[in-house]
Amino acid sequence: MNDASTMDYELLSPSLVDPPAGAAGMDAEQKTVFAFVIFLLVFLVMLMVRCFRILLDPYSRMPASSWTDHKEGLERGQ
């Protein structure tokens, strides 16, 4: 290669171009959106864990009493 084409490549190389000053950090809107997305992901994980627990043991959350507890004796069919 000749020196002219090497210089053109070096001038156009993206690694040598400095990024703008504002691109290095996140602004307030980006931070808010990032926090909201993290919150939604945590909420989704919590819902998934709850659904899997219900699927694995569906009767664990049901009350032990039944609708016939208030009846006595012959009313229950004894």
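Keep in mind that what you see is a predicted model, and the values were worked out from it rather than measured. (Residues numbered from 1 in each chain as written. Predicted model: local features only at pLDDT ≥ 70, side-chain atom pairs only at ≥ 80, totals over all residues. Heavy atoms only, no water.)

### Thoughts on the overall build of the chain
Phase 1: Across its full length, the chain holds two helices and zero strands.
Phase 2: The buried share of the chain, taken over its 78 residues, is 1%.
Phase 3: A total accessible area of about 7,900 Å² is found for the chain, and carbon and sulfur atoms account for 67% of it. (Helix = DSSP H or I, 4+ residues; strand = E, 2+ residues; numbered from the N terminus. Buried < 20%, exposed > 50% of the residue type's maximum accessible area, 1.4 Å probe, protein only. Areas by Shrake-Rupley, 256 points an atom, 1.4 Å probe, with all protein chains shown as cover.)

### Considering the packing of aromatic side chains
For any pair of aromatic rings, the description rests on two quantities: the centre-to-centre distance and the angle between the ring planes.
Phase 1: Tallied over the full model, the rule gives one aromatic pair.
Phase 2: Between Phe39 and Phe43, the aromatic rings sit 6.5 Å apart at their centres with planes inclined by 15°, giving stacked as the arrangement. Placement of both Phe39 and Phe43 in helix H2 (residues 28-56) is noted, with a separation of four residues, approximately one turn of the helix.
Phase 3: Residue class for Phe39 comes out exposed when judged on its relative accessible area of 53%.
Phase 4: Accessibility expressed as a relative area gives 43% for Phe43, which makes it partly exposed. (Phe/Tyr/Trp six-rings, centres within 6.5 Å; stacked < 30°, edge-to-face > 60°.)

### Quick look at the UniProt feature "transmembrane region" (unreviewed entry) in the chain
Phase 1: Taking the numbering used here, the UniProt-annotated feature "transmembrane region" (unreviewed entry) corresponds to residues 33-52.
Phase 2: From the first C-alpha to the last, residues 33-52 spans 29 Å; its make-up is 100% helix and 0% strand. (UniProt positions renumbered as here; feature names shortened; annotations may be inferred.)

### A few points about a nonpolar patch on the surface
Phase 1: A surface patch of nonpolar side chains, about 1,200 Å² in accessible area, is lined by Met26, Val33, Phe34, Val37, Ile38, Leu41, Val42, Leu44, Met46, Met48, Phe52 and Leu55.
Phase 2: Looking at the element boundaries, Val37 is found in helix H2.
Phase 3: The exposure class of Val37 is partly exposed, given its relative accessible area of 40%. (Patch = residues over 30% accessible without salt bridge, like charges linked within 9 Å, V, L, I, M, F, W, Y side chains within 5 Å. Salt bridge = Lys/Arg side-chain N within 4 Å of Asp/Glu carboxyl O.)

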